[in-house]
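Here is how the chains run, residue by residue.
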Amino acid sequence: MPPTPPNPLALIAELTHRCPLHCVYCSNPAELVNRTQELSTEIWSRVFREAAELGVMQLDLTGGEPLARPDLAALIESARAANLYVNLITSGLPLDEARLDELIAAGLDHFQLSFQGSRESSANEVSGTKAHAQKLRVLDWLRTRRVGVTLNFVLHRNNLDQLEEMLSIAEGSSTSRVEFAHVQYYGWAFANREQLLPTREQLMRSIDFFKCAEERLRGKIRIEYVVPDYHAKYPKPCMGGWGRQAVLITPRGEAMPCHAASVIPNLSFENVTEKSLQEIWGSSEAFQKFRGEDWMQEPCKSCDRRSQDFGGCRCQAMLLTGNAAATDPVCSLSPQRTRVDAIIAAIPSASATTIQPSSPASLWLYRPNPA
Amino acid sequence: MSLDPHSRPQLAPGCRLGENQGQKVLLMPERALRLIGPSLEIVTRCDGKNSIAKIVAELQKLYSKAQPKKVEEDILGYLQLLHDQRALDFI
């Protein structure tokens, strides 16, 4: 029997899959949910209350683009009424000052604005739309408003030479927190991996940059960074462990342990329209499947690190080895690490990538907008 | 950076007190700090009105069995930590 689960701390609410951007590394699944299938305001509000009762403190309102929901202010209000900390993860469009004020008045705690780069042309290429200039406008509006602000720069091989410029955007704004997040290879990013994955040399340079920035800006801007684990020695403790800290709800109500869990075959997800979050969290098959350590195979099963990284990421194991219960193959102890090494070996050399112009748009697989 | 005793600490935008299953917490982007005993006493006084000097004096009175110097050091250390995490501004 898997152990009794601890209470979750975070609820990730994918309010919609609709989005004006078409980012080539979007974490949404290949099969996107249509507008007509989206949960109502009332159901989301109930889920927020149930989450808070379970112990959840942090709510991430994400998507797709959550601003595509006309009831976003009402959702923020009901989440605050349920006692949750409300974080909006957004591209910043479509948005005007009046709506921004409406969201803040509804109780929004924190505004996380995503950037695809520091330069208009390459950022717009990655998002498949003209979004960059609007993001800079939103950043300017935020300067005079009292709400937490984080800038999130998504990093990959083609924008790693823009780190200085990205940091300048942050320093010229009112933000107190910047996330530099290397792309993680799931969803659309997995499909476009060949063009996104940085070289080891680029990665090491970026880590040096983050460390210097952290030191220089201490007390002014908090720097956080996420590295791509293909280059790591040990896997990441994905989601803080399967079914241990977080629960994600898709736009149509399926409760999942993470963004990518739908890549695991024969795993069925229960729906919040049919059951309470308590029941789903506590006993549904999807959450129980990789809880605890009973499911582990060697070398995880007898590894000292198993309580730190929980065997890494189940979805990555599935995507790269075809077996969701295998050790995450990015782990240097995995017998299948050679698969990851082969992927890394195929990356064009750093000198070749830095002088190359960005890839022709025709090479990208863009994420579409669902109906 | 050394802290000015006359400055007044205030929770930064995006940070606020909250409650989780009967316990006070400091909520901030992507994380929460449990507040117990002295940390709760300090954070509830970070309202932009109390100066650091006043917070120190009040807590020295509240924890009168502890050495006053030690109480002061602990408070300054904690305020600095919260400031570095960008949970606190000094006005």
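Residues numbered from 1 in each chain as written. Chains lettered and ligands numbered in written order. Predicted model: local features only at pLDDT ≥ 70, side-chain atom pairs only at ≥ 80, totals over all residues.

Below, the discussion takes up the interface of chain A and chain B. How large an interface is tends to be reported as the accessible area lost when its parts come together. Taken together, the 18 residues of chain A in the interface contact 19 residues of chain B. For the side of chain A that touches chain B, the secondary-structure elements that each account for two or more residues are strand S3 (85-90) and strand S5 (148-155) of chain A. When residues in the side of chain A that touches chain B are grouped by element, the largest group, 3 residues, is from S5 of chain A. Split into classes, the residues belonging to the side of chain A that touches chain B amount to 4 nonpolar, 9 polar and 5 charged. (Contact = placed C-beta atoms within 7 Å. Helix = DSSP H or I, 4+ residues; strand = E, 2+ residues; numbered from the N terminus. Nonpolar A, V, L, I, M, F, W, Y, C, P; charged D, E, K, R; others polar.)

Attention now moves to the confidence of the model for chain B. Per-residue confidence for chain B gives a mean pLDDT of 95, with 99% of residues at or over 70. Both scores are given for the predicted complex: the pTM is 0.94, the ipTM 0.94. (pLDDT = per-residue confidence, 0-100.)

Moving on: helix H1 (residues 41-54) of chain A. All names here are of chain A. Between the first and last C-alpha of H1 there are 20 Å, a value that for 14 residues agrees with the 20 Å anticipated at 1.5 Å per step. Turning to H1, its buried residues number three or more, namely Trp44, Val47, Phe48, Ala51 and Ala52. For H1, the buried positions fall inside an angular range of 135° around the axis, keeping them on one side. Directly beyond the C-terminal end of H1, a positive phi value near 115° is found at Gly55. (Expected span 1.5 Å × (residues − 1). Buried ≥ 20, exposed ≤ 12 C-beta atoms within 10 Å, placed from the backbone. Arc of directions from axis to C-beta.)

With that settled, consider the sheet that holds strand S4 (residues 31-34) of chain B. Residue and element names in this part refer to chain B. An order of S2-S3-S4 is seen for the 3 strands of this open sheet, with the pairing classed as antiparallel. The open sheet has two free edges, formed respectively by strand S2 (16-20) and S4, since each of these has just one partner strand. The mean angle between the axes of side-by-side strands here comes to 40°, regardless of whether they run parallel or antiparallel. Across 4 bridges, the pairing between strand S3 (residues 23-28) and S4 is antiparallel. In the sheet register, Val25 faces S4, and the bridge partner there is Arg34. (Pairing = 2+ DSSP bridges. Axes fitted to C-alpha atoms, helices over the stretch in contact; angles between N-to-C directions.)

Moving on to the packing of helix H2 (residues 52-62) of chain B against helix H3 (residues 68-84) of chain B. Residues and elements named next belong to chain B. In the contact formed by H2 and H3, the axes pass within 9 Å of each other and the chain directions differ by 135°. With respect to their mutual orientation, H2 and H3 come out oblique. In terms of crossing hand, the pair formed by H2 and H3 is right-handed. Judged by residue contacts, Ile52, Ile55, Val56, Leu59 and Gln60 of H2 engage Pro68, Val71, Glu72, Ile75 and Leu79 from H3. In the contact of H2 with H3, the residues fall into 8 nonpolar, 1 polar and 1 charged. (Parallel < 35°, antiparallel > 145°, perpendicular 65-115°, else oblique. Left-handed = near helix turned anticlockwise from the far one by under 90°.)

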